[in-house]
Amino acid sequence: MRIELVRRPQHSALFSALSPFIALGLTLVAGAIMFSVLGKNPVEALYYYFIDPLTGIWDPSNRWQLHELAIKAAPLILIAVGLSVCYLSNNWNIGAEGQFIAGAIVGSFIPVVFPGFHSWIVLPLMLILGMAGGAAYAAIPAFFKVRFNTNEILTSLMLVYVAQLFNDWLVRGIWRNPEGMSFPGTIRFSEWAILPQIWPDSGRAHWGFVFALVAAVVVWFMLSKTLKGFEVKVLGQSPRAGRFAGFSSGKVVFFAFLLSGALAGLAGISEVAGPIEHLNEKISIGYGFTAIIVAFLGRLNPLGIVAAGIILALTYLGGESAQIAIGVSDKAVRAFQGMLLFFVLACDTLIHYRIRFVGAPAMKAESGKAGTA
Amino acid sequence: MSADTAAVNLLEVRGLTKIFGSLKACDAVDLTIRKGEIHALLGENGAGKSTLVKMLFGSLEPYSGEIRWNGQPVKIANPNAARKLGIGMVFQHFSLFEALSAAENIALSLDDQTPISTIAAKAQALSYSYGLPLDPYSLVGDLSVGERQRIEIIRCLLQTPDLIILDEPTSVLTPQEADKLFETLERLRAEGKSILYISHRLEEVKRMCDAATVMRHGKVVAHCDPRQETAASLARMMVGSEVHAVVRAPIEGIETAEALLEVRNLSRKPATPFSMPLKNISLNVRAGEVIGIAGVAGNGQGEFFEAVSGEAMQLEAGTVRIRGQDAGKLSITGRRLLGAAFVPEERLGHGAAPRMKLSENLFLSRYATDSKAFLGPGGVVKESAIDAATQRIVQEMDVRKSARDPEAAALSGGNLQKFIIGRELDRRPTVMVVNQPTWGVDAGAAAKIRQSLIELARSGSAVLVISQDLDELFEISDAISVMHNGELSRPLPRAEATLEKIGLLMGGAEPGHVDHGLESV
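Residues numbered from 1 in each chain as written. Chains lettered and ligands numbered in written order. Predicted model: local features only at pLDDT ≥ 70, side-chain atom pairs only at ≥ 80, totals over all residues. Heavy atoms only, no water.

**Student:** Talk me through the overall build of chain A; I want residue IDs and the actual numbers.
**Tutor:** Looking only at helices and strands, one finds 15 helices and two strands in chain A. The C-alpha atoms of chain A give 23 Å as radius of gyration, which agrees with the globular expectation for 373 residues (21 Å, within 12%). By the burial criterion, 52% of the 373 residues in chain A qualify as buried. Contacts in chain A between residues far apart in sequence, at least 24 positions, make up 76% of those at least 6 positions apart. Of the roughly 16800 Å² of accessible surface on chain A, a fraction of 69% belongs to carbon and sulfur atoms. Charge centroids of chain A, computed over 26 positive and 19 negative side chains, lie 15 Å from each other. (Helix = DSSP H or I, 4+ residues; strand = E, 2+ residues; numbered from the N terminus. Rg over C-alpha atoms; globule rule 2.2 N^0.38 Å. Buried < 20%, exposed > 50% of the residue type's maximum accessible area, 1.4 Å probe, protein only. Contact = heavy atoms within 4.5 Å. Areas by Shrake-Rupley, 256 points an atom, 1.4 Å probe, with all protein chains shown as cover. Lys, Arg positive; Asp, Glu negative; His and termini not counted. Charge placed at Lys NZ, Arg CZ, Asp CG, Glu CD.)

**Student:** Go over the nonpolar core with me, naming the residues and quoting the values.
**Tutor:** Counting residues in hydrophobic clusters, the biggest one holds 157 residues, and the most contacted among them are Phe35(A), Ile79(A), Tyr87(A), Phe363(B), Met432(B) and Ile502(B). Among the elements that take part in this core, helix H3 (residues 63–88) of chain A stands out by supplying 15 residues, more than any other. Other than its neighbours up to four places away in sequence, Ile502(B) contacts Ala294(B), Leu470(B), Phe474(B), Ile480(B), Val482(B), Leu492(B) and Ala497(B). In this structure, Leu42(B), Leu134(B), Leu157(B) and Leu166(B) belong to the second largest nonpolar core, which totals 45 residues. (Core = buried A, V, L, I, M, F, W, Y, C linked by side-chain atoms within 4.5 Å.)

**Student:** Mind laying out the environment of Lys228(A), listing which residues take part and the relevant values?
**Tutor:** Residues and elements named next belong to chain A. Within the element layout of this structure, Lys-228 appears in helix H9 (residues 227–237). In this structure the C-alpha to C-alpha distance between Lys-228 and Phe-247, which are 19 residues apart in sequence, comes to 9.8 Å. Once residues within four sequence positions are removed from consideration, Lys-228 is found in contact with Met-222 and Phe-255.

**Student:** Can you tell me about the interface of chain A and chain B, naming the residues and giving the values?
**Tutor:** Size of an interface, as often reported, equals the accessible area lost when the parts are brought together. Chain A puts 29 residues into the contact, and the matching count from chain B is 36 residues. Of the roughly 2700 Å² buried between chain A and chain B on both sides combined, carbon and sulfur atoms contribute 58%. On the chain A side of the interface with chain B, the three residues burying the most area are Phe230(A), Arg240(A) and Phe244(A), jointly 27% of the side's total. Seen at the junction of chain A and chain B, the total is one salt bridge. Glu306(B) is the salt-bridge partner of Arg240(A), the closest N and O atoms lying 3.4 Å from each other. Those elements that place two or more of their residues in the side of chain A that touches chain B are helix H8 (208–225), H9, helix H10 (239–245) and helix H15 (361–369) of chain A. Residue composition of the side of chain A that touches chain B, by class: twelve nonpolar, nine polar and eight charged. (Buried area = accessible area lost by both parts, 1.4 Å probe. Salt bridge = Lys/Arg side-chain N within 4 Å of Asp/Glu carboxyl O. Nonpolar A, V, L, I, M, F, W, Y, C, P; charged D, E, K, R; others polar.)

**Student:** Give me the lowdown on the sheet that holds strand E11 (residues 259–268) of chain B, citing residues and values where you can.
**Tutor:** All names here are of chain B. Overall, antiparallel pairing links the four strands, which are arranged E12-E11-E14-E15 in an open sheet. Both outer strands of the open sheet, strand E12 (278–286) and strand E15 (325–326), are each paired with one neighbouring strand and no more. Alignment of E11 against strand E14 (residues 320–322), held across three bridges, turns out to be antiparallel. Bridge assignment links Val-263 to a residue of E14, and that residue is Val-320. Contacts from helix H10 (residues 301–309) reach E11, E12 and E14 within the one sheet, and its direction differs from that of E11 by about 120 degrees. (Pairing = 2+ DSSP bridges. Axes fitted to C-alpha atoms, helices over the stretch in contact; angles between N-to-C directions.)

**Student:** Would you mind going over the packing of helix H14 (residues 383–397) of chain B against helix H15 (residues 413–425) of chain B in detail, with residue names and values included?
**Tutor:** All names here are of chain B. Axis separation between H14 and H15 bottoms out at 9 Å; the angle between their running directions is 115 degrees. In terms of orientation, H14 and H15 fall into the roughly perpendicular class. Handedness of the H14/H15 crossing: right-handed. Facing H14, whose interface residues are Thr-390, Ile-393, Val-394 and Met-397, H15 presents Lys-418, Phe-419, Ile-421, Gly-422, Arg-423 and Leu-425. (Parallel < 35°, antiparallel > 145°, perpendicular 65-115°, else oblique. Left-handed = near helix turned anticlockwise from the far one by under 90°.)

**Student:** Just give me the short version of the pairing of strand E8 (residues 194–198) of chain B, but keep the residues and values in it.
**Tutor:** Residue and element names in this part refer to chain B. Where burial is concerned, most of E8 is hidden: five out of the five residues are buried. Of the two faces of E8, both are covered, the one formed by Ser-194, Leu-196 and Ile-198 as well as the one formed by Ile-195 and Tyr-197. Pairing analysis gives four bridges linking strand E3 (residues 38–42) to E8, with the strands arranged parallel. Looking across to E8, one finds that Ala-40 is bridged to Tyr-197. Bridging between strand E7 (residues 163–167) and E8 involves five bridges; their strand directions are parallel. What sits directly across from Ile-164, in E8, is Ile-195.

**Student:** How would you summarise the packing of aromatic side chains if you had to cite specific residues and measurements?
**Tutor:** Under the counting rule described, the total for this entry stands at 23 aromatic pairs over all chains. Note on Phe247(A) and Tyr367(B): the rings are 4.8 Å apart at their centroids and 20 degrees apart in plane angle, and the pair reads as stacked. Taken together, the residues Phe247(A) in the loop between H10 and helix H11 (249–276) and Tyr367(B) in the loop between helix H12 (358–366) and helix H13 (371–374) connect one chain to another. Using a relative accessible area of 6% as the deciding quantity, one classes Phe247(A) as buried. Assessed through its relative accessible area of 9%, Tyr367(B) is described here as buried. Ring pairs connect the aromatic residues Phe35(A), Tyr49(A), Phe50(A) and Phe336(A), which therefore count as one cluster. Looking at Lys228(A), its charged tip hangs above the ring of Phe255(A), at a distance of 4.7 Å from the centre. (Phe/Tyr/Trp six-rings, centres within 6.5 Å; stacked < 30°, edge-to-face > 60°. Lys NZ or Arg CZ within 6 Å of the ring centre and 35° of its normal.)

What follows is the structure, encoded as C-alpha cells:
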C-alpha cells in the first residue's frame, strides 16, 4: 500500500478551520506518549498542563491563575500578530525575540537614566520608545534584504543573540542597580513608569493584554479589509503578480518588518513595565520564538492568534504546575511547543492536499522507477 | 484479430479510458496507427490528447482498455518500457540542460555507458542523414529553439523507434524551420516509420497527414482522412460547433490618426544572464489599429513587455509615451492611470495570483484606475462593488467556472485568460498591450478574444499584440513587426506581409531590409 498526496483543485475551507484542532489533538496524543515514556501518568500530566491553570474560571481562589495566563498570553499575541503580517508577505522574521529585547531596552531608557522624572507622560513615552526600538531593530534585516538581497531568516535570527548579549552587558554593566547586591538588573522603575493592572483586586494582569487585543483587531481589519492588507497578501503569495499590480515589494518588506518590530518592542516594554518592573538579563522566556508557533497555530489570522496565544500561554503555566505537582522537567514545555508547531505545519498540508491510499504494491514498484526520463 | 491487420497496423488502441477524480479525461478512446503513416491527433486544449499520449508513453496508467502493438496486447508500465517497445516521444516542452552540450544531453537519456564521442559521431551522422544539421558539441544554451528541438528529435531517433510521437512540434518554429521538419517527417515515413502528430494547426495537418483522429471532451469524435476535409470542417469537428471567423474591418485614414503608444529608441540591458537585451526599439501604435509583434519565443518579447508595461522602468521619460505623455519613468500603476492596460503572457503567477479569488484578481490590476468605485475612505476595500464587476466580466466574456467566485487556479487556462482579458477590456483602455493573448486557449474562446481586441481598436484605442502564433497575427493585425534577438523590424502593413517575409525576419533576416531581394532567397 502507498499513501499519496493529491492536490485539491481549491483549498479546503473545512480543513482550513479544522487543521489547528487536528494538530492540537495530535500534540496531546504525542504528549501523552512522551509522559508515559518519562514514567508519569499521562492523564495526570495533561491535567496539570491544560486544565489546572484554568480552574480559576470556576474557582475564585484560583482566579490569580487566569491573570497569570493573560500576562503570558499578552506578549505572545502582540508578537504573533506582527509576525502574521511578516509571514503573509513572505518575510521570514525569526528575530522577534531580539526586537522584543530591543524594545524593552529602549523603552527602559527614561526610567533608568532619569529615575527622578515623575509625570503622567513617562509611561506613554516609554511605550512609544519601546515600539520605536523594536521597529528600528527590525529595520536592520529589512534593509539588508531590500538592499543586498540577504536572507532575512539568518540576519533576523543572528540579531537575536546580539540583542540578548547587549542587554546582558547593560544590566551587568553601566545600567546595573548599584544597590542590587551585584545581581544583574537595573533599578526598580518608579510608579510613574509601571503599567497599571486591569483588575488589581483579583490579580496582576496589566494593560499589555488590552494592547494585544487591540492590536489583533486592528491588524485583522487591516489585513482583511484594506488595500494595504491586499498588497501584503498578494506580494506574499505571488510576488510577480504583485509587481504586475504595481506594488513595491521593497516597501512591503519594510512595512512588515517595522510593524512586527514595533509590536514586539511594545510587548518587550510592556513586560518590563508590567510584571517585572525593571530591566534584567532574563526578561524573556522565549516569547519571540514561541510567538512563531502562535502565529502558525492561529493560521496567520490575528483573531485566531488571540486563541492560539492563550493556548501557548497555557503550556507555560501548565509546565510550571506540572513541575511542582508531579516533577516533570520544565524542558518538557519546549518539547510540547515544538511538537505543536510540527503538527500545525504538517496538518496545513491537508488544506491544499488530500490523502489517498493506493493499493496494488506490485505496480507501484515499477512506476516508482519511471518518470525520470 | 487476423494476422493481416496485425501486419498493417502498428498500434491499435481499443476503449482506452483514464479517469481523474470525476473527470473522464479519456473516455473509451480508439486509435489505429498503420505502419508508415503520419497520423494526426487533433483536438482543442483539454480534449484529452495529452492524457492519451501519456498513456501510450507509459507515464500514465490507463483505467481500462487495451493497447495492441504489432497485434500483441501490451502493458506499458513506464517510459522505459515504451522505449523498449519502440515508441519514442518528442515533448512540446524540452527537457534539456542548458549548460551541457547537445551530445551530453543525449547521453543522459541513454541507459548504457556509451562514450560521448561515439554518441556525438552517431548523432551527427543521423542528423545529417535526416537533414537536421546539428553540432553535437555546441552548448544547448547557445542554440535556438528550433535547434533544441532537433536535439530532442535526434535523441528520439537514436533509439530507432517505430512510432514517434510529436507533441505540437511546430508551435515554437518559424515557418521555414517547420518546412524543414516536415521534410524530415516525410523521410521517416518513407522508411516505414509511423508518426503520431499532435497539433491544432489544421493547414499543416491537411498538408502532411495520412489519417487523423479528432478528440473532443475526452472522446473520439471522428476518424477521417484530413486530405479529404477542409480546414473549416476539421475545426468544426474539433470544436463541435461552427467557429466564427474573426472579422477585421478595414481602417481608413490611419496615417493621420494620433499615436497613442509611442516607443522611442528603447534599449535594455539583460536583467538576468538568461534574458535578452533590447536594442533600440522604436514603434508607434495609433488610435484604431492593431499592431502585431511576431517572433520565435525568447527573442526579447517578455523583456519588451516588461519595459512597455512599466514593470521595468526606463531611464528617459520620453522613451515610452502614452497618449502623448511621457511615461518612461512611470510605474505600471502610473501607466495604467494614463489609460493603458496590460495582459502578460503567464496567466498564473503574473497576470493573476493563483490562490486568490477572481474578485481579488480583478482588484489586482484595477485598484488604482477604479479607486473611486472599489476603495472607500482609509483604503477600505468595497467588496460588493468588486464582486458586481467580477460577475459582469464573467458574463461578458462567458467565463466558465465551478463556483461563484473561485480561485484563479481552479479555472482552466482558457477561461482564466478570458477573465484576464475581460478584466482589462472592461475598463475600455485607450492603449492595450497583450502578450500571447490566446496561448493555450481553445478555438472558440480564441476567436472571441481576437474579435474583442479588434473591436477595441476600432472603437479608437491602440492595441499592441505580441504573439508567436502567426495565424493569429495575420488574422487580427493591421501591421506586423518581427522581434528577433532583441531588435524590432519595421512594421509591415498587413497587405504587404506574407508568411514568407515574416518567417525570414523571424529567422534573423536583417531588420529594415525586408524590401530588398526577398524573392531571390
